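Chain residues, written in single-letter form:
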Amino acid sequence: MNKQDEARASLEAATQDLKSYTDGVIQTSERISKLSTASLYGVLGGVVGMLVGGFIPVTQFASQPGIIAMFGLAGITAGVLYYRSGFKGIKTEQKVVSNRLISEELMHRIDVATKANAPQSIILSMWDEYERLALSLQDTPKAPQVKIGGATGAALYIESNNPQERDLNLDK
Amino acid sequence: MDFSEKHTDGDVLAHANSVRYKVELVLIKLRLQVGLSFFALMVSLCFFLLLLNELLLSNSSFGTYESFVPGIILLTGFVFIQSFRCFKMSIYLYLSTTLSKRRIVSSIEDWSALRGTEHGYE
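Residues numbered from 1 in each chain as written. Chains lettered and ligands numbered in written order. Predicted model: local features only at pLDDT ≥ 70, side-chain atom pairs only at ≥ 80, totals over all residues. Heavy atoms only, no water.

**A short note on the overall build of chain A**
Stage number 1. Tallying secondary structure elements over chain A gives four helices and two strands in all.
Stage number 2. Written out in order from the N terminus, the α and β elements of chain A read α-α-α-β-β-α.
Stage number 3. Restricting the contact set of chain A to residue pairs at least 6 apart, pairs at least 24 apart contribute 35%.
Stage number 4. Surface summary for chain A: the accessible area is close to 11,900 Å², and the carbon and sulfur share equals 61%. (Helix = DSSP H or I, 4+ residues; strand = E, 2+ residues; numbered from the N terminus. Contact = heavy atoms within 4.5 Å. Areas by Shrake-Rupley, 256 points an atom, 1.4 Å probe, with all protein chains shown as cover.)

Written out as structure tokens, the structure reads:
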């Protein structure tokens, strides 16, 4: 391997490494940005906790500042925990509600199409859609990406859940 | 770009330059993030020390809100820790991205120089 080949190999390796590295850095950077939102929720929880602690009467076991500080700490923890888990629960709930509405609408359409003696292929495609909707509620892994590299390095990603559809796209 | 395929020299250089550009864009974002997190760190540290000083010297002017001071110190401490985490991670990302940029820049320069020599451009 001469020097030019070595330099070329080094450049290719650096390009390939940095491509995936920069994507990772961008993701981590986004995660760091979200830390400020978590802190905000923690602070809000802490303030609420302190205000609640202010209304608790003084006992012989703890002084007023101690109670307020303890409630503040509990508020911070609750705020951060709510940020970490609360939104996920709300999102899932919203997803379930919208999924239920769409599935009811789909069932109605299938019923109408069956009564109107629609072609079997149409009814089958509706059932397929219904099945896809049911599957979309589950946490399925991201669909595989098929990458086609162009001469200029432009890459085209074809994303599909249906393997047959992906094959069709590849044949084009 | 799939490097298992054969590409022309121009393609290789174009891809490397495109990645270098992307790295520079990431660096701009990280610089901003480092700056902001440093500002947040300094502000929370100053505030934390100020409150601690007031509490320790016990000549505070908080009046009726004096019982809230330990709680506020706790909150400021929490913000300080979060800012510190953010700053630490941003600095790490910034430094490692700078090193990566140096790597790709030096690879491009080496490759360009050798290619120039090969074609008699030097």
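**Re the interface of chain B and chain A**
Stage number 1. Contacts between the two partners involve 43 residues from chain B and, on the opposite side, 45 residues from chain A.
Stage number 2. Together chain B and chain A conceal approximately 4,000 Å² of surface at their shared face, both sides included; 69% is due to carbon and sulfur atoms.
Stage number 3. Counting every contact that joins chain B to chain A gives three salt bridges.
Stage number 4. In this structure, the salt-bridge partner of D17 of chain A is R103 of chain B, at a minimum N-O distance of 3.1 Å.
Stage number 5. Viewed at the interface, chain A and chain B are joined by 10 residue pairs in polar contact (both at pLDDT 80 or more).
Stage number 6. Elements that contribute at least two residues to the side of chain B that touches chain A include exactly α1 (9-57) and α2 (69-118) of chain B.
Stage number 7. With 24 residues, the single largest contributor to the side of chain B that touches chain A is α2 of chain B.
Stage number 8. Across the side of chain B that touches chain A, the residue classes tally to 23 nonpolar, 12 polar and eight charged. (Buried area = accessible area lost by both parts, 1.4 Å probe. Salt bridge = Lys/Arg side-chain N within 4 Å of Asp/Glu carboxyl O. Polar contact = N/O pair within 3.5 Å; in protein donor to acceptor, adjacent residues only side chain to side chain. Nonpolar A, V, L, I, M, F, W, Y, C, P; charged D, E, K, R; others polar.)

**A look at the side chain of Q64 of chain A**
Stage number 1. For Q64 of chain A, the position within the fold is in helix α2 (residues 64-115).
Stage number 2. The exposure class of Q64 of chain A is buried, given its relative accessible area of 19%.
Stage number 3. Leaving out residues up to four positions away in the same chain, Q64 of chain A has contacts with G53, G54, I56 and V58 of chain A together with S67 of chain B. (Buried < 20%, exposed > 50% of the residue type's maximum accessible area, 1.4 Å probe, protein only.)

**Considerations on unusual backbone geometry**
Leaving glycine aside, a negative phi is the common case for residues, and trans is the common case for peptide bonds.
Residue and element names in this part refer to chain A.
Stage number 1. One non-glycine residue with positive phi stands out, namely N117, at about 55°.
Stage number 2. Along the chain, N117 turns up in the loop between α2 and α3 (120-136).
Stage number 3. Given the relative accessible area of 69%, N117 is considered exposed.

**Section: the packing of aromatic side chains**
Both the distance between ring centres and the angle between the ring planes are used here to describe each pair of aromatic rings.
Stage number 1. All chains considered together, the criterion is met by five aromatic pairs over all chains.
Stage number 2. Where Y41 of chain A meets Y83 of chain A, the ring centres are 5.4 Å apart and the plane angle is 40°; that geometry is what we call tilted. A residue pair is termed long-range when its members are at least 10 positions apart, and Y41 of chain A in helix α1 (residues 3-55) and Y83 of chain A in helix α2 qualify at 42 residues.
Stage number 3. Using a relative accessible area of 24% as the deciding quantity, one classes Y41 of chain A as partly exposed.
Stage number 4. Centre to centre, the rings of F48 of chain B and F80 of chain B are 6.4 Å apart; their planes meet at 5°, and the pair counts as stacked. Here F48 of chain B is found in helix α1, whereas its partner F80 of chain B is found in helix α2, with 32 residues between them in sequence.
Stage number 5. Ring pairs connect the aromatic residues Y41, Y82 and Y83 of chain A, which therefore count as one cluster. (Phe/Tyr/Trp six-rings, centres within 6.5 Å; stacked < 30°, edge-to-face > 60°.)

**Quick notes on the nonpolar core**
Stage number 1. In terms of nonpolar packing, the biggest core is built from 12 residues, these being A7, L11, A14 and L18 of chain A together with V12, L13, A16, V19, V23, I104, I108 and W111 of chain B.
Stage number 2. When contributions to this core are tallied by element, the ones reaching two or more residues are α1 of chain A together with α1 and α2 of chain B.
Stage number 3. Counting residues per element, this core draws most heavily on α1 of chain B, which supplies five residues.
Stage number 4. When sequence neighbours within four positions are dropped, the list of residues in contact with A16 of chain B reads L11 and T15 of chain A together with I104 and I108 of chain B. (Core = buried A, V, L, I, M, F, W, Y, C linked by side-chain atoms within 4.5 Å.)

**Some points on the confidence of the model for chain A**
Residues and elements named next belong to chain A.
Stage number 1. Scored by pLDDT, chain A comes out at a mean of 76, with 77% of its residues at no less than 70.
Stage number 2. Ranking the elements of chain A by mean pLDDT puts strand β2 (residues 155-159) last with 38 and α1 first with 86.
Stage number 3. A low-confidence stretch, residues 140-172 (pLDDT under 50), is modelled with 32 contacts involving residues beyond four sequence positions or located in other chains. (pLDDT = per-residue confidence, 0-100.)

**Description of the packing of α1 of chain A against α1 of chain B**
Stage number 1. Close contact between α1 of chain A and α1 of chain B brings their axes to 9 Å; oriented N to C, the two are set at 30°. The orientation of α1 of chain A relative to α1 of chain B falls into the category roughly parallel. Here α1 of chain A and α1 of chain B pass one another in a crossing that is left-handed.
Stage number 2. Considered class by class, the residues forming the contact of α1 of chain A with α1 of chain B number 12 nonpolar, seven polar and eight charged. (Axes fitted to C-alpha atoms, helices over the stretch in contact; angles between N-to-C directions. Parallel < 35°, antiparallel > 145°, perpendicular 65-115°, else oblique. Left-handed = near helix turned anticlockwise from the far one by under 90°.)

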